[in-house]
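Listed below are the residues making up each chain.
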Amino acid sequence: MNNLNVYIYILLAGGVSFLIRALPSVLIRKPIKNQFIKSFLFYVPYVTLAAMTFPAIIEATQSPIAGIIALIVGIIISWFGAGLLPVACVSCLIVFVTELFLVH
């Protein structure tokens, strides 16, 4: 692949990214009053983050079982009100202990 193709791909990706962000502000001038659309737009960032994060949780470990167990434990302790730092620390500890016993 030559350098010209790389620059074309970068410009194309930048253009698409710009259009995705610019078109809604140009096309939608009035405030959105539809409750369904407002709630849909509210949850889009969370769904996108979850779609990127959940596969990485499972695939980032040596054993997918360790990632699944850490995910379940993290969900449970966050359900009971633990913050982000304790959930992350406990999940890392769960992965470490699980892989210590499962992998060897």
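Basis of the calculations
Residues numbered from 1 in each chain as written. Predicted model: local features only at pLDDT ≥ 70, side-chain atom pairs only at ≥ 80, totals over all residues. Heavy atoms only, no water. Phe/Tyr/Trp six-rings, centres within 6.5 Å; stacked < 30°, edge-to-face > 60°. Buried < 20%, exposed > 50% of the residue type's maximum accessible area, 1.4 Å probe, protein only. Patch = residues over 30% accessible without salt bridge, like charges linked within 9 Å, V, L, I, M, F, W, Y side chains within 5 Å. Areas by Shrake-Rupley, 256 points an atom, 1.4 Å probe, with all protein chains shown as cover. Salt bridge = Lys/Arg side-chain N within 4 Å of Asp/Glu carboxyl O. Helix = DSSP H or I, 4+ residues; strand = E, 2+ residues; numbered from the N terminus. Axes fitted to C-alpha atoms, helices over the stretch in contact; angles between N-to-C directions. Parallel < 35°, antiparallel > 145°, perpendicular 65-115°, else oblique. Contact = heavy atoms within 4.5 Å. Nonpolar A, V, L, I, M, F, W, Y, C, P; charged D, E, K, R; others polar. 1 Å grid on protein atoms, 1.4 Å probe; cavity = no way out; pocket = protein on both sides within 12 Å on 5 of 7 lines; lining within 4 Å. Points joined across faces, edges and corners; volume = space filled by probe spheres on them. Polar contact = N/O pair within 3.5 Å; in protein donor to acceptor, adjacent residues only side chain to side chain. pLDDT = per-residue confidence, 0-100. Expected span 1.5 Å × (residues − 1). Left-handed = near helix turned anticlockwise from the far one by under 90°.

1. Description of the packing of aromatic side chains
Part 1: Tallied over the full model, the rule gives three aromatic pairs.
Part 2: Aromatic side chains Phe42 and Tyr43 sit 5.0 Å apart centroid to centroid with 85 degrees between the ring planes, which places their arrangement in the edge-to-face category.
Part 3: Among the residues examined, Phe42 registers a relative accessible area of 49% and is labelled partly exposed.
Part 4: Taken together, Phe42, Tyr43 and Tyr46 form an aromatic cluster joined through their ring pairs.

2. So, a nonpolar patch on the surface
Part 1: A contiguous nonpolar surface patch, about 1,200 Å² in accessible area, is contributed by Phe18, Leu19, Leu23, Val26, Leu27, Ile28, Ile32, Phe36, Ile37, Phe40, Leu41 and Val44.
Part 2: Secondary-structure elements contributing two or more residues to the nonpolar patch are α1 (3-27) and α2 (35-59).
Part 3: Assignment of secondary structure puts Val44 in helix α2.

3. Some words on the packing of α2 against helix α3 (residues 64-79)
Part 1: Packing of α2 against α3 leaves a shortest axis separation of 6 Å and a crossing angle of 130 degrees. Compared by their axis directions, α2 and α3 come out oblique. Contact residues: α2 offers Phe54, Ile57 and Ile58, while α3 offers Pro64, Gly67, Ile68 and Leu71.
Part 2: Residue composition of the contact of α2 with α3, grouped by class: six nonpolar, one polar and no charged.

4. As for the layout of surface pockets
Part 1: When its volume is computed, the largest pocket comes out at roughly 540 Å³.
Part 2: If you go around the largest pocket, you meet 23 residues; those closest to its centre are Thr53, Ile57, Leu71, Val87 and Ser91.
Part 3: Per-element tally for the lining of the largest pocket: the top contributor is α2, with seven residues.

5. Quick word on the side chain of Thr61
Part 1: Among the structural elements, Thr61 can be located in the loop between α2 and α3.
Part 2: In this structure the side chain of Thr61 is engaged in a polar contact, spanning 3.3 Å, whose partner is the backbone oxygen of Ile58.
Part 3: When sequence neighbours within four positions are dropped, the list of residues in contact with Thr61 reads Ala66, Gly67, Val95 and Glu99.

6. Side note on the confidence of the model for the protein chain
It should be kept in mind that the predicted coordinates are not to be read in detail where pLDDT is low.
Part 1: With 97% of its residues at a pLDDT of 70 or more, the protein chain has an overall mean of 89.
Part 2: Per-element mean pLDDT across the protein chain ranges from 88 in α1 up to 94 in α3.

7. Let's talk about helix α4 (residues 84-102)
Part 1: A rise of 1.5 Å per residue sets the reference length of α4, with its 19 residues, at 27 Å; its end C-alpha atoms lie 26 Å apart and thus fit the reference within 8%.
Part 2: Tucked into the core, α4 has its buried residues touching α3.

8. Some remarks on the packing of α3 against α4
Part 1: Interaxial distance between α3 and α4 falls to 8 Å at its minimum, and their mutual angle equals 150 degrees. With respect to their mutual orientation, α3 and α4 come out roughly antiparallel. Here α3 runs over α4; the crossing is right-handed. Contacts between α3 and α4 involve Ile65, Ala66, Ile69, Ala70, Val73, Gly74, Ile77 and Ser78 from the former and Pro86, Val87, Val90, Ser91, Ile94, Val95, Thr98, Glu99 and Leu102 from the latter.
Part 2: Across the contact of α3 with α4, the residue classes tally to 12 nonpolar, four polar and one charged.

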